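# Fold and geometry: a report
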Amino acid sequence: MPIQVTFEELVEKTEYIEDGTQLYQIIFPDKLTEDFLSRLNIMNINNLTLFPDLTGSSLHSNYLMEIQPFLEKKRLEIEVNYDNRKKMLEEMRKPKQSKINKKRK
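Residues numbered from 1 in each chain as written. Predicted model: local features only at pLDDT ≥ 70, side-chain atom pairs only at ≥ 80, totals over all residues. Heavy atoms only, no water.

Scanning the model with the defined rule gives three salt bridges in all. One salt bridge in this structure joins R75 and E72, with 2.8 Å as the shortest N-O distance. Of this pair, R75 and E72 both sit in helix α4 (residues 54-93), three residues apart, which is roughly one turn of the helix. Relative accessible area serves as the criterion here: at 40%, E72 is assigned to the partly exposed category. Note that E77 is salt-bridged to K74, the shortest N-O span being 3.8 Å. Within this pair, E77 and its partner K74 are both found in helix α4, separated by three residues, close to a single helical turn. We classify E77 as partly exposed; its relative accessible area is 34%. Owing to a relative accessible area of 32%, K74 belongs among the partly exposed residues under this scheme. (Salt bridge = Lys/Arg side-chain N within 4 Å of Asp/Glu carboxyl O. Helix = DSSP H or I, 4+ residues; strand = E, 2+ residues; numbered from the N terminus. Buried < 20%, exposed > 50% of the residue type's maximum accessible area, 1.4 Å probe, protein only.)

Now the structure itself:
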């Protein structure tokens, strides 16, 4: 990639090349960054595997330190959802008493 060309200029130039080569820039909202990075990390796509040197290792370690609060929040959300679903299933499995039986008691 030529150094004197910005990424935006490169995307603009390669958008209509006839040989089928295309380059796109996708901009995601900032609030999705942590989620996307954690999903890529789960698939083993991270600085450590892309750049297997000291710099990649350092960047990956820093990433893990930064992402921990996000992962903890996600784990708690999953646990709460699991607990809520479990309670709903338990309620559904309980035998329902008819209104007549309740009045007799």
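This next bit is on a nonpolar patch on the surface. Taken together, L37, L40, M43, I45, L50 and F51 make up a surface patch of nonpolar side chains, about 550 Å² in accessible area. If you trace the backbone, L37 turns up in helix α2 (residues 33-42). Using a relative accessible area of 38% as the deciding quantity, one classes L37 as partly exposed. (Patch = residues over 30% accessible without salt bridge, like charges linked within 9 Å, V, L, I, M, F, W, Y side chains within 5 Å. Areas by Shrake-Rupley, 256 points an atom, 1.4 Å probe, with all protein chains shown as cover.)

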